[in-house]
Amino acid sequence: MSTPIVQMSNVFKRYRALTALEDINLTLNQDKIYGLLGRNGAGKTTLMSILTAQGFASSGHVNVFGENPYENEKVLRRICFIRESQKYPDDFHAKHAFKAAALFYKNWDNDFALQLVKDFELPLNRRIKKLSRGQLSAVGVIIGLASRAELTFFDEPYLGLDAVARQLFYDRLLDDYAEFPRTIVLSSHLIDEVANLLEHVIIIDKGKIILDDDADNIRGSALTVSGTGARVESFIGNRTVLHREGIGALVSITLEGQLSAGERREAQELGLDVSPVSLQQFVIRKTLDAGAGLEFDAESQAKQTKKATRMGAIR
Amino acid sequence: MNRAVAVARMQLINKWTFLGIPALILLSSFALTLAIWAMIPDTAEGAKYSGAGQAVMWYFFALGLQSMSLTFPFSQGLSISRRNFFLGTVGLFAVVAAVVSGLYVVLGYLETATHGWGLNGQMFALQWIAKQNGFMQMFFYFVLMMFLFLLGFWGATVYKRWQATGMLLACIALAVVLVGAVGLITWRGWWPAVGSWMAAQTPGTTGLLALGLAALLGAGAYLTLRKATP
């Protein structure tokens with residue numbers, strides 16, 4: 001039923017003093033929407049660059065559509081990856097960029113592209129250099145959508161887009177995906193906004209994959225119980241606590257796992273409030289947990305941040 | 001459609017870069033040269049020379065730089081292999097260079113036939129080249145343009161891959177080699193021999209030399225590009 005089209009095994013990416021990706025093992029299946037979530041500098045763009053042969057892994061194996069993507073037109077022609085910091089030729093207007101994309105993607109839908117231009121109110125006859133950040137993002141979004149490549153990456157596609165335009169993008173993406181199913185990887189740090197789009201979630205932090213699971217499993221994998229301190233504490237017993245916060249006598253505790261029907265009733269009787277955890281909360285908790293071991297060493301943390309910025313600059 | 005050909009078509013999407021600007025440079029430098037010649041009083045001394053014919057060639061150097069540094073990252077976004085990007089871009093340039101070379105030869109003949117555009121000027125039919133047959137002239141112009149283009153292209157590739165540090169090291173290395181060569185020639189007292197060798201050069205031999213250098217630059221650019229990232 002699910003056909004794997006991307007496989008990464010033991011992929012490392014090392015820069016001189018920084019490991020940008022560490023032992024990545026990943027499988028992506030056909031016709032699914034993936035969320036690649038993580039903080040800035042976590043390694044999202046590096047990972048996508050390696051998958052599309054725009055960048056190189058230091059070691060490990062990458063397999064896309066059954067083959068190594070590097071210099072492999074058979075594989076590359078089925079992929080589209082417009083990066084967040086995509087550069088366009090200096091003298092190009094948006095219409096030139098779309099014309100170029102039409103030359104290379106056999107499924108390019110020009111009417112769809114023009115419709116999107118209208119939706120995003122993108123000026124076609126202005127140099128891309130002179131566009132605003134949001135308009136620049138729109139150019140990338142339109143190429144990504146209208147190319148209808150079998151494997152499409154969106155790298156923080158919403159930067160600079162206003163709320164209306166972002167919603168437009170999500171709607172158009174879902175509509176078009178329903179009509180032309182394909183594999184989509186959406187990298188994002190605005191998690192709540194894209195949460196409803198995602199079928200599968202990959203969380204990456206400091207170059208490591210810390211979670212790779214179906215969105216439904218994740219939604220059911222944790223919940224928050226809140227109420228007065230003593231009651232909550234006695235209710236949770238020795239369950240795994242992901243997070244604990246309190247205001248005065250009230251505490252709110254995020255638990256791993258699910259409650260049985262009986263436990264739910266019990267919670268209700270105790271006057272406790274049980275609510276699902278949002279994907280964003282879950283990612284934040286997971287990411288902070290993963291980083292917790294490092295916190296005692298503030299100096300190394302500071303160094304790490306410095307390197308991360310440097311890496312960003314040369315990317 | 002072949003994707004290398006598609007790369008060439010992509011480079012031509014904005015007609016100005018590869019066609020409009022060279023045509024404009026050629027026309028305006030030619031018109032300005034004619035205007036200047038018209039202002040200089042005719043003397044019996046001989047023809048009036050102009051180096052304005054080179055203007056387009058230097059633009060090709062800039063074009064090599066640009067087509068690499070700006071179009072390569074975009075081509076990567078469209079999932080074009082580095083090989084096809086190289087073939088399409090250099091291939092397109094070879095066609096443009098061939099057309100411009102042909103134009104130079106024809107303009108050179110016209111210049112001679114019209115007695116320097118009626119002004120006794122020499123811009124295209126510089127004697128050293130114009131003495132040769134048409135094929136040799138075309139070969140000379142073509143190779144020279146390819147050389148300049150590939151020089152720009154290679155430089156941009158080095159910059160793309162190793163940033164300013166790489167560029168600096170490459171320039172220093174080149175300077176060391178050149179100074180070393182000058183030093184060696186001076187030390188061994190080879191200057192007279194070098195002088196007579198230079199004087200003995202014909203467009204044919206210079207062309208061959210430039211061809212060798214261009215091929216070297218092309219191969220170097222391709223190998224550097226193979227591992228370049230956008």
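Residues numbered from 1 in each chain as written. Chains lettered and ligands numbered in written order. Predicted model: local features only at pLDDT ≥ 70, side-chain atom pairs only at ≥ 80, totals over all residues. Heavy atoms only, no water.

(A) Representation of the packing of aromatic side chains in the model. Residues and elements named next belong to chain B. Throughout the structure, instances matching the rule amount to 21 aromatic pairs over all chains. For the ring pair Phe60 and Phe93, a centre distance of 4.9 Å and an interplane angle of 85 degrees mean the geometry is edge-to-face. Of this pair, Phe60 sits in helix α3 (residues 55–69) while Phe93 sits in helix α5 (residues 82–113), and the two are 33 residues apart along the sequence. Grouped by ring-pair contacts, the aromatic residues Tyr59, Phe60, Phe72, Phe85, Phe86, Phe93, Phe149, Phe153 and Tyr222 constitute a single cluster. (Phe/Tyr/Trp six-rings, centres within 6.5 Å; stacked < 30°, edge-to-face > 60°. Helix = DSSP H or I, 4+ residues; strand = E, 2+ residues; numbered from the N terminus.)

(B) The arrangement of helix α10 (residues 203–225) of chain B in detail. Residues and elements named next belong to chain B. Between the first and last C-alpha of α10 there are 31 Å, a value that for 23 residues agrees with the 33 Å anticipated at 1.5 Å per step. Looking at α10, one finds that the buried residues are Pro203, Gly204, Gly207, Ala210, Ala214, Leu217, Gly218, Ala221, Thr224 and Leu225. Taken together, the buried residues of α10 touch α3, α4 (71–77), α5, α7 (127–130) and α8 (134–187). (Expected span 1.5 Å × (residues − 1). Buried < 20%, exposed > 50% of the residue type's maximum accessible area, 1.4 Å probe, protein only. Contact = heavy atoms within 4.5 Å.)

(C) Molecular detail of the side chain of A:Gln86. Turning to its location among the elements, A:Gln86 is positioned in the loop between β5 (79–82) and α3 (94–104). Look at A:Gln86 and you get buried, because its relative accessible area is 7%. Within the local environment of A:Gln86, its side chain forms a polar contact with the backbone oxygen of B:Pro73, the two atoms lying 3.0 Å apart. The residues contacting A:Gln86, other than those within four sequence positions of it, are A:Phe81, B:Pro73, B:Phe74 and B:Gly77. (Polar contact = N/O pair within 3.5 Å; in protein donor to acceptor, adjacent residues only side chain to side chain.)

(D) Structural view of the confidence of the model for chain B. Residue and element names in this part refer to chain B. Of all residues in chain B, 98% attain a pLDDT of 70 or more, and the chain-wide mean is 88. Ranking the elements of chain B by mean pLDDT puts α7 last with 76 and helix α1 (residues 3–11) first with 94. Both confidence scores are given for the complex: pTM 0.86, ipTM 0.84. (pLDDT = per-residue confidence, 0-100.)

(E) Spatial organisation of the pairing of strand β6 (residues 151–155) of chain A. Residue and element names in this part refer to chain A. In terms of burial, β6 is largely enclosed, as five of its five residues are buried. Neither face of β6 is exposed, since Leu151, Phe153 and Asp155 on one face and Thr152 and Phe154 on the opposite face are all buried. Summarising the sheet, β5 and β6 pair through four bridges and their orientation is parallel. Its bridge partner being in β6, Phe81 is matched across the sheet by Phe153. Strand direction decides the pairing type here: β6 and strand β7 (residues 183–188), joined by five bridges, are parallel. Residue pairing in the sheet places Leu151 in a bridge with Thr183 of β7. (Pairing = 2+ DSSP bridges.)

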